[in-house]
Structure formats: C-alpha cells, structure tokens
Amino acid sequence: MTRRLIIIGFLFSIVFAENKRLSLREVHEKSPFKKASLKIINWFPNENSYVIKRGNTLYKVDVVNSDTSVFLTEEDFRYNDNKIQISKAEFVQAPWRRNFTPQTFWFDQEGNKILFFSDREKIWRRSFFATYFIMDLRTKVIRPVSNDNKKLRNVKMSPDGSKVAYVREDNNLYVYDLNRNREKQLTTNGSELILNGHFGWVYEEEFGSYDAYRWSQDSRQIAFWEINQSKVPVFTMFDELSLYPTTQEIRYPKAGQTNPTMSIFVVNVKNARRKKMNIGDNHDMYYPWMEWTEQNKLTVMRMNRLQNHWEFLTVATTNGKSVSGLTESDPSGWVELHRHYHFLKNGNILWVSERSGWHHIYIHSAEGQLVNQVTDGDWEVKGIKKVDEANQKVYFMANKESTFENRFYSVNFDGTGLKLLTKEPGSHSVRILPQGDGFIDSYSSLITPSKHILKDMDGNIQKILGETDKSQFEAYDWSYPEIIHFKTADGTATLDGIITYPPDYKKGQRYPVIVYGYGMPGTQIVNNRWGGAWNQYLVQQGYIVFSMDARGMSGRGEAFKNLSYGDMAQYLGKDTATGVQYLVDKGIADPNRIGAWGWSGGGYFTGLMLTKNAHLFDVGVSVAPVMDFRLYDTIYTERSMGLPQDNKAGYDSTSVLSYVDRFNGKLLVIHGTGDDNVHSQNMTWLVEEFVKHDKQLDTFYYPSRPHGMQGGNARKNLYRKMINYFNDHLRGKALIERKN
C-alpha cells in the first residue's frame, strides 16, 4: 500500500511538473527560458572572429573553431592606476568605475584602435551624447577624444584611423587629429536652428539615421548635411515630476506642416574650407541618403515630399555640380528608402526596386539605363547581404519560399543560378563573416525556437553555434500558433492570420479572443517565427490570441501594399472585421467577448477596432496610440496618406475620432507624458471627443515616460494593468448587450 502511494505521488508530481504556467513576473522580469544567443558585440576587422562580453571581460572568439581568448579585461581600463593620458606627461582620473569594460565600441580599419564611450545620455530614439575615448590596442594607452571629450555625439574615426570627427552641443562639426592632439572646428554657424552633422527629430525617427556626415575614403574631406529647422513648428512637452513643471521643446513637423530644409557641404578637414554642393531646390524635398561613391564624387538621394519619386544626384565635389541619374517612382503609392544600393566598379548600380510590382534586384547604369533584371517573380527581395563582383554573384534575403518566411539566396548577376542557401523552414537572418567565406544563419519557426548555425557560402552546415532547448517551453504548456487563411468579405483576395489557442483548448467551445494588431501600411505581422512569452501568458489565462495581415500590409507585392494609400483605415477595418467574423463562424470565438490591444500603431489599431468596428469589439487596451494622424509627423504620415490639405476625406476616414459616436464597449488608453514620438496630445483629443459624445473612457498616464514606457516599474505596471483590465471586462461575463 505504501509503495502504491509513493508511485501515485511520483506520477502526480510528474504530471504537474509538466504543466507549469507562466507568471507575469516570469514574462516581464525574470524569464525561466534560456534562449540561444551569440551576444556578438563586434567583428574583428578582416578576421572571422568576434567579441563577446562575459562579466567584465571581453573575449575574442574564432567563429570557425570556437577558440576563445581574452581580448580586454577591466585591468586594461585601469591603465596607470585608472588614469587616462591627455598629453605626453599629463594624466587625469578616468570617469568610470574600477570594474569597467565597454559594452559598445568600434575598431579602426586595421584593428589597432578602438573607439568607446562612457556616460551615455539618450537624446531621441537612436541618438545620444557620451564621453568618448580611444584605446591603442598595441600599447593599451587610453586617450580622450579631445581635451573636452564630454557630451559628444555622432563620433566616428576616419578611414585611416588618424582622426576622429564629432558634433558638440553647439551643433557644429569638429575633427580631432590623434597624431597631433589638436582639434579643429569645421563649422561655425551651429545653433538651435542650424544643425551641422546631425539630423533633427523627424529624420532620425523616420529615416532611421541621426548621423549626418560622411568621411571620404582618403580621410581628407567630410561631406555633411546642414539642417535648417527655423520654420519647423515647435511642440512642447511638460514634465510635472519636479515641484515646478519643466518643459522641453522639439522641432516636430506634424502632417502638412513645414519640414526642415537641407543643404549639403564638403569640408576639407585640414583647413576647414567648405564648399556647397548643388542639389537643386530644397523646398519640400528630402535628402535622406548620401555616400561617397568615388574619389571627389558623391551620390545623393533627392526625394519629393510625397515620397512617390526619388532620384540619385551624382555630385562632383570639386565644383559642386550635380547631374541626375537613376530614379524610382510609384504614382499609386510610395517608394522605399531601403539603402540596398551597391555601386559596382564598372560604374553600374546593383539595387532593389519595386518597379515590376514586386521588390527585385536590378542592375542599372549610373545614368538610369537598365542593364538587366537579376531576379523576377511573385515574391519579394528583402535585402542584399553581399555583392561578390569577382564571381558576379549577389547574396540576398527574400520570401520566395513563403510569404511568412525570410530565406537566404544567391544568384548570378545575369539572373542564372538562383540557389536557396537556408533550407530550414522558418524566418532567417544572416551575418556574413568578415572574410566573406561563410555566414551565421540565425532562424526560428512557429514550432522551432532560435538556432544559430555556421554555414559556408553554398549553404552547407559547418557547425551548430547555438540551439535553444525546446523542452523548457513544453514544460510550461507552450501552445504553438497556427497560420490560417480566409477570404475577404468581397471574395477578391485571400488573407492570412495567425492564431494561438489556450493549452487546454476544446474544439467546439467558444473562447474570448484578444486581437493583437499593428496594421500600419507596408508592415507585416504574420510570420513563421518563434513567438513570445506574452502571447503564451494570455492564452494560459484562457484567451485565444489572433493577429492578421490586412490589405495594405507588406510581403505580397506593390498592388496589395498600395491598397492602404490615402486611407489606411479602410481595409484595416474591413479585413480585421472579416477575420474576427471568420473565427465566430467557425465556432472558435465568443462573439460577445472580442478584445484588442496594441502599442503605437497597434494602439491606433485598437482605438479603430473599438470605434469603427464597435459592432464586433467589446474591450480594448490601447498603448501610446496615434488617434488622428494629423497629430503625427510629416515623413511617416504623408508617405501613405499624402498631405491633409489635399486629402481631408482620407484623414477623416482614418481618424479614430470620427467613430467615437459608435463606441459602446470598454477602452483603456495608456500614454506616457514624455513620449516625444507619439504625443500624449492624442489622448487629450480623444478624451475631448468622448466628452462631446457623452461616452465613458478609461485612461492612464505614465508621468514623463517615453514611447516605450521605460523607467522604474512602468512597463511591469502597464502589463499588469492590461491583464487585469481584460480579466475584469472580457474574460468574465460580457458587459455589453449587442444591438444587431
């Protein structure tokens, strides 16, 4: 009898050990899962070796044979009793703690020096100030970048490693000669209104770059943007956490308002003489990309304000004259800024264009004449990873195998020999080795957690670098998502969704559904990749989690994407309603318990579902949302909507405010008052509209928190608030009687 009880108890413990459930703390504070990660900080120049950090030690790892050696330790940053050299005979105390080693740094081209920083101070999403230093790896001597190396931004070594350029708080560009220990100021007109060598808020946020200068290959010149934002309207943010509120002003052009203007100069770093380049009339034009393509020659992208046309200008830096060359246009939508432009030695350009209706690789002359189309078909090239001119071959990512997957391919310049190099199902990302003879393939799928594999350039596996143990997820009743397909309401297209069921799901039983959405034009949410713990937490709470790609999203060609142009809410509203109705008709979803949540564009999605689709949606949590795109910036909004002055009907149709009269559910809107990206003004306008219609709205502000709600316990508090809101208003008895 005793033995039988022991056996029963043992079996009982096994069953329950295999049915653990995630806690909110495990989702957002201390994950129980160990995922394979390479943690690469940097590659060594011209070597198939990378740097990782363990504790306070930096290690050099040979990716082929896994040989690991110490690269730098905290002792190396205590040089001369934690002092750094500012002249031949003068040393000062280092500003970092005694156990410091850098988390981020850059090599010079020869691998003899590293540039690193301390005291990082965030500016906007990507930009930051910091205190910068140079270490000579041969001597371990550390020197500051100039005598006053604090609060520098956009710091870069010259190609020959002899100089460092940077921008100071005065918005001027400087260069520091490492051999002569001498600083030279290259511009003098910097101010709050004139920026030299760095972009303002809107270019940084929407074109993805804050760095507005380029070293020439010979290290003798710098091409830089001069940004005039004197006519850009000012948006003021308030911080009320101190005794008396403080304000912060941002030059932020909202849709239809005045943009900054751009000029491009080339400056000689030796004598600071600068010359203005002729880039044409810069009124209502964007200049988002520029590179040195030859000695004394720049290629500059000039894009119109509607972002449906760009052209390359070839600029002779000796006299500043420019000629127009390659162009890209999309009269029914917008053109992409993807930075996949490769200038071949013969003067031709190998690049990605959507001119066939799908993103594909082309070769054109610099003047814009077609040489040949390299790839073709009803699938999309996602990016060029390597161009091998010697063997006339290009390596690229594409979704050829499946709309839901990125795979790695090679093809000859003439379009022959297309070869799949990553045969494993799933979404892949690759890193080409510095010597170009192999790549690291990192991938996952809906049923396979992340793996990292070293392969040669033919796709043959050389070794497994890291593999995530799947059993740890199964011990938590991991529920594997499924991709589903259904027709649009008008039957003209097939849509794709992804659904995750509760681990104890019973077929034939209806469940509350939470629709997670984003839906912004040209984006994609349905992918064959490993999911996150938050969705698993939601399904373990008893919800079905559903997402889908509406018409107007990406991965399915230009015509599909351009359906969002001019009114991003039209198909987002229609198609999401179709997806939810599909789940109801299949007996999966409880029609009286449909929820939605999302962040940023997903916050907008949630607001739209609870208003425009109020006949279907009951409960929503909208985080950091745009509620009317007149309140968002020029570059992002006008790309797919045009100007509000020209498209009032489209902006009205897209606005959540237009549908508040339909609202009859429960909606919690959350915003950070320090959000420089999507301003909390959106919530203010929404509240005013709810008051106008005598509707009830739940709101919550996180004081001075940015778009991502970082700081203190804000994010943990937010997710706890979200699940409590859904559990109170969606999981239990429905609070609303439908009026069908």
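Below is a summary of the structure that appears in this document. Just so we're clear, the structure is a prediction, and the values are computed from it rather than from any experiment.

Thoughts on empty space enclosed by the protein
Phase 1: Across all of its chains, the model carries 5 cavities of 30 Å³ or more by this definition.
Phase 2: Around the largest cavity sit 15 residues that line it, and Glu328, Val335, Glu336, Ser353 and Glu354 are the ones nearest its centre.
Phase 3: Of all the elements in the fold, those that place two or more residues in the lining of the largest cavity are strand 25 (322-329) and strand 27 (349-353).
Phase 4: Considering only residue class, the lining of the largest cavity consists of 5 nonpolar, 4 polar and 6 charged.

Here's the deal with the packing of helix 8 (residues 568-585) against helix 9 (residues 601-611)
Phase 1: Running from N to C, helix 8 and helix 9 point in directions that differ by 65 degrees, and their axes come no closer than 11 Å. Like other packed secondary-structure pairs, helix 8 and helix 9 cross with a definite hand, here right-handed. In this structure, helix 8 uses Met568, Ala569, Leu572, Gly573 and Thr576 to contact helix 9, whose residues at the interface are Tyr604, Phe605, Leu608 and Met609.
Phase 2: Of the residues contributing to the contact of helix 8 with helix 9, the split by class is 7 nonpolar, 2 polar and no charged.

Some points on the sheet that holds strand 27
Phase 1: The strand order 26-27-28-29 describes an open sheet built from 4 strands, whose pairing is antiparallel. Looking at the sheet topology across the chains shown, the edges are occupied by strand 26 (341-343) and strand 29 (370-373). Within this sheet the neighbouring strands show an average axis-to-axis angle of 25 degrees, counted without direction.
Phase 2: Sheet topology places strand 26 next to strand 27; 3 bridges connect them, and they run antiparallel. Each residue of the ladder has a partner; that of histidine 342, found in strand 27, is leucine 350.

Points about the pairing of strand 9 (residues 128-136)
Along any regular strand the residues' side chains alternate between the sheet's two faces.
Phase 1: Across the 9 residues that make up strand 9, a large majority, 9, are buried.
Phase 2: Where burial is concerned, the two faces of strand 9 agree: the one with Phe128, Ala130, Tyr132, Ile134 and Asp136 and the one with Phe129, Thr131, Phe133 and Met135 are both buried.
Phase 3: When strand 8 (residues 113-122) meets strand 9, the two strands line up antiparallel, connected through 8 bridges. Each residue of the ladder has a partner; that of glutamate 121, found in strand 9, is phenylalanine 129.
Phase 4: Adjacent in sequence and paired antiparallel, strand 8 and strand 9 are bridged by 5 residues.
Phase 5: Looking at chain direction, strand 9 and strand 10 (residues 141-144) are connected through 4 bridges and run antiparallel. Note that in strand 10 the partner of phenylalanine 133 across the bridge is proline 144.
Phase 6: Connecting strand 9 to the antiparallel partner strand 10 that follows it, the hairpin turn spans 4 residues, and lysine 140 within it adopts a positive phi of roughly 65 degrees.

Rules used in this analysis
- Residues numbered from 1 in each chain as written.
- Predicted model: local features only at pLDDT ≥ 70, side-chain atom pairs only at ≥ 80, totals over all residues.
- Heavy atoms only, no water.
- 1 Å grid on protein atoms, 1.4 Å probe; cavity = no way out; pocket = protein on both sides within 12 Å on 5 of 7 lines; lining within 4 Å.
- Points joined across faces, edges and corners; volume = space filled by probe spheres on them.
- Helix = DSSP H or I, 4+ residues; strand = E, 2+ residues; numbered from the N terminus.
- Nonpolar A, V, L, I, M, F, W, Y, C, P; charged D, E, K, R; others polar.
- Axes fitted to C-alpha atoms, helices over the stretch in contact; angles between N-to-C directions.
- Left-handed = near helix turned anticlockwise from the far one by under 90°.
- Contact = heavy atoms within 4.5 Å.
- Pairing = 2+ DSSP bridges.
- Buried < 20%, exposed > 50% of the residue type's maximum accessible area, 1.4 Å probe, protein only.

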